[in-house]
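Structural description and commentary
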2 protein chains.
Amino acid sequence: MAITTEMIKQLRELTQAGVLDCKRALEQNDGDFEKATEFLKQKGLASAAKKADRVAVDGRIEAYVHPGDKLAALVEINCETDFVARTEAFTTFCHDVAMQVAATAPRWVSRDDVPAAELAELKAEFAQQAVDENKPANLVERIVEGRLTKFYGETCLLEQPYIKDDTKTIQQLLTEAIARLGENIKIARFARFQISS
Amino acid sequence: MAITTEMIKQLRELTQAGVLDCKRALEQNDGDFEKATEFLKQKGLASAAKKADRVAVDGRIEAYVHPGDKLAALVEINCETDFVARTEAFTTFCHDVAMQVAATAPRWVSRDDVPAAELAELKAEFAQQAVDENKPANLVERIVEGRLTKFYGETCLLEQPYIKDDTKTIQQLLTEAIARLGENIKIARFARFQISS
C-alpha cells in the first residue's frame, strides 16, 4: 500500500510524532492507522498519547498564604520530573493555582470528584426548580444541564474561570502549562483554611 | 458565715479570680464554693473556667514548606483575639506546630478524632496479638491500653513528642502557650501534602 503525504499528515496530527517516524510507522503497518498509532506509542514517540498515560510522580507542594495570615491554601501539583518541577514556569503555575484556591474556595478538583449522592440530589433539586418555574417539560433536562454546568464552574477548580484572566478556565491554564513544559501535569489535591471571624 | 482567708485562697486557686472578687463572691453566697464559682463565672472573672468556655474564633493559618518544595503542612490555630494572633509568641507556636505536622505526619489532632470503627478494630487486633503472644488473660486489657497509648502517641498530634524537645508533648507545648498568652488556644485542623517520589 502506498503511503501518501496526506496519511502522514493525519497520523502526525493524531500522535504529534515526527514526519519520518509517522512515515515508517505507516509503512511497517500497511497504512493501518490504528496499528501505526500503537506502533508509535510503543516506541515512545506518540507524545500526545504518551503524555496522558505517563505517571506524574514528581512535582511541587505550593502554599499561598494571604496577607494577614487568616487565609491560606496548599496545593499538590504533579509533573513527571524534578527538572520540570524546578522550572520557573511550573513554579509560577503552582503559585497561580494556590492563589486561585485561596480566592475562590473550590470544593473539588474536577467534576469527577463530586460525590454521586450529592450530584443526584442536585439534579433532582434543579429539576424541581424548573418545574416550579413552569418551564416546558421538554426543556427541563436542558435547564438542569445548564444549572449543573454553572455549579461545576463555581465548585470545581478545573472549570472555574481563572482569577487573573477570566477568559480562560483553570483547565485551559493547565493545558497551556502541559504544552509549554512538555510533561503530563496534574492538580492532585488542595486544602484551604480560613479563620472565619 | 465568716469568710476566712483560707477560703478565699482556695477559691482563688479554683477560679484564678482576684482576691477581692473572691471575697465578695463568697460573702454574697454564704461561703458556698459552687455558688461562688458560678457567681465569678457569670461576672466573667473566673478566668480558668472562662478560658475553657471561651470561643477561639480568631487565629492564624500557618504554612510550613520544607526546603525542596516536596513536603508541606498547613495548620489552623485559633485564639481569641487578633491582638494575640499577631504576637511573636503565637506566631512561633504556630510555626512549630506546622513544622511538627510536616515532620511526623500525624493522622488526627487528638485521640477524640480517631473514628470509632477504626478504634474498635485496633483494640480487637491488639487483644488478638496479646493472646497470640501467650500473655496472661488478666493482663490483656492492660496490654491493649499500653499499645493504644503508643498508637495515640504516634498518630495524634497533641500526644506526639515535640520534635524540638521530646521531653514534652504538643499538648504540653499548647498548654504553655495558653498560660503565656492568657487566651484559649486550639489546634483546629491540619493538612499535609508530600510528593511521594
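Values in this document were obtained by computation on a predicted structure and should not be read as measured data. (Residues numbered from 1 in each chain as written. Chains lettered and ligands numbered in written order. Predicted model: local features only at pLDDT ≥ 70, side-chain atom pairs only at ≥ 80, totals over all residues. Heavy atoms only, no water.)

1. Regarding the interface of chain A and chain B
- Taken together, the 27 residues of chain A in the interface contact 27 residues of chain B.
- Where chain A abuts chain B, roughly 2,100 Å² becomes buried across the two surfaces, and 61% of that area is made up of carbon and sulfur atoms.
- The tally of links from chain A across to chain B stands at six salt bridges.
- The interface formed by chain A and chain B contains ten residue pairs in polar contact (both at pLDDT 80 or more).
- Mapped onto the side of chain A that touches chain B, the elements with two or more residues apiece are β1 (58-65), β2 (71-79), α5 (82-85) and β5 (186-194) of chain A.
- Here the side of chain A that touches chain B gets eight residues from one element, more than from any other, and that element is β2(A). (Contact = heavy atoms within 4.5 Å. Buried area = accessible area lost by both parts, 1.4 Å probe. Salt bridge = Lys/Arg side-chain N within 4 Å of Asp/Glu carboxyl O. Polar contact = N/O pair within 3.5 Å; in protein donor to acceptor, adjacent residues only side chain to side chain. Helix = DSSP H or I, 4+ residues; strand = E, 2+ residues; numbered from the N terminus.)

2. Describing unusual backbone geometry
- At D69(A), a position not held by glycine, the phi torsion is positive, near 60°.
- Tracing the sequence through the fold places D69(A) in the loop between β1 and β2.

3. Brief notes about the pairing of strand β2 (residues 71-79) of chain B
All names here are of chain B.
- Burial analysis of β2 places nine of its nine residues in the buried class, which makes it a mostly covered element.
- Taking every second residue as pointing to the same face, both faces of β2 are buried, with L71, A73, V75, I77 and C79 on one and A72, L74, E76 and N78 on the other.
- Of the pairings in the sheet, the one linking strand β1 (residues 58-65) to β2 comprises eight bridges and is antiparallel in character. Along β2, the bridge assignment pairs D58 with C79.
- In this structure, the hairpin formed by β1 and β2 is closed by a connection of five residues, where G68 is found at a positive phi of approximately 110°.
- Pairing of β2 with strand β5 (residues 186-194) involves eight bridges; the strand directions are antiparallel. Bridged to L74 within β5 is A191. (Buried < 20%, exposed > 50% of the residue type's maximum accessible area, 1.4 Å probe, protein only. Pairing = 2+ DSSP bridges.)

4. Quick word on the relation of the copies chain A and chain B
- Once chain A is rotated about the relating axis by 179° and shifted along it by 0.0 Å, it coincides with chain B to within an RMSD of 0.3 Å. Given the turn and translation reported, the copies of this chain are related as if by a two-fold rotation axis. (Least-squares fit on C-alpha atoms with pLDDT ≥ 70 in both.)

5. Some details on the sheet that holds β2(B)
Residues and elements named next belong to chain B.
- Here three strands make up an open sheet; going across it, the order is β1-β2-β5 and the pairing antiparallel. Every other strand in the sheet has two partners, leaving β1 and β5 as the edge strands with one partner each. Strand after strand, the sheet turns through a mean of 10° between neighbouring axes, direction not considered.
- Packed on one face of the sheet, helix α6 (residues 88-104) meets β1, β2 and β5 and runs near 140° to β2. (Axes fitted to C-alpha atoms, helices over the stretch in contact; angles between N-to-C directions.)

6. Description of the nonpolar core
- Core analysis: the largest hydrophobic core is formed by 29 residues, its most contacted members being I77(A), F90(A), F93(A), I185(A) and I187(A).
- Looking at this core, the elements with two or more residues in it are β2, α5, α6 (88-104), α9 (170-181) and β5 of chain A.
- Here the element with the most residues in this core is α6(A); it accounts for eight residues.
- Sequence-distant contacts of I77(A), defined by excluding residues within four places in its chain, comprise D58(A), G59(A), R60(A), F90(A), F93(A), C94(A), V97(A), I185(A), K186(A), I187(A) and I195(B).
- Within the second largest apolar cluster, 27 residues are counted, among which are C79(B), A85(B), A98(B) and I170(B). (Core = buried A, V, L, I, M, F, W, Y, C linked by side-chain atoms within 4.5 Å.)

7. Observations concerning the packing of aromatic side chains
Residue and element names in this part refer to chain A.
- Counted by the stated rule, this structure contains four aromatic pairs over all chains.
- Judged by centre distance (6.1 Å) and plane angle (55°), the rings of W108 and F151 are tilted. Of this pair, W108 sits in the loop between α6 and α7 (116-132) while F151 sits in helix α8 (residues 140-155); the two residues are 43 residues apart in sequence, bridging distant segments of the chain. Comparing W108 with F151 shows no difference in burial state: the two are buried.
- Aromatic pair F151 and Y152: ring centres 6.2 Å apart, planes at 55°, arrangement tilted. (Phe/Tyr/Trp six-rings, centres within 6.5 Å; stacked < 30°, edge-to-face > 60°.)

8. Concerning the environment of A36(B)
Residues and elements named next belong to chain B.
- Relative to the elements of secondary structure, A36 occurs in helix α3 (residues 33-42).
- The class for A36 is buried, based on a relative accessible area of 0%.
- The spatial distance from the C-alpha of A36 to the C-alpha of L26 is 5.4 Å, given a sequence separation of ten residues.
- A36 has contacts with L11, A25, L26 and N29, leaving out every residue within four places of it along the chain.

In short, the description is geometric, and any link to function would need to be established separately.
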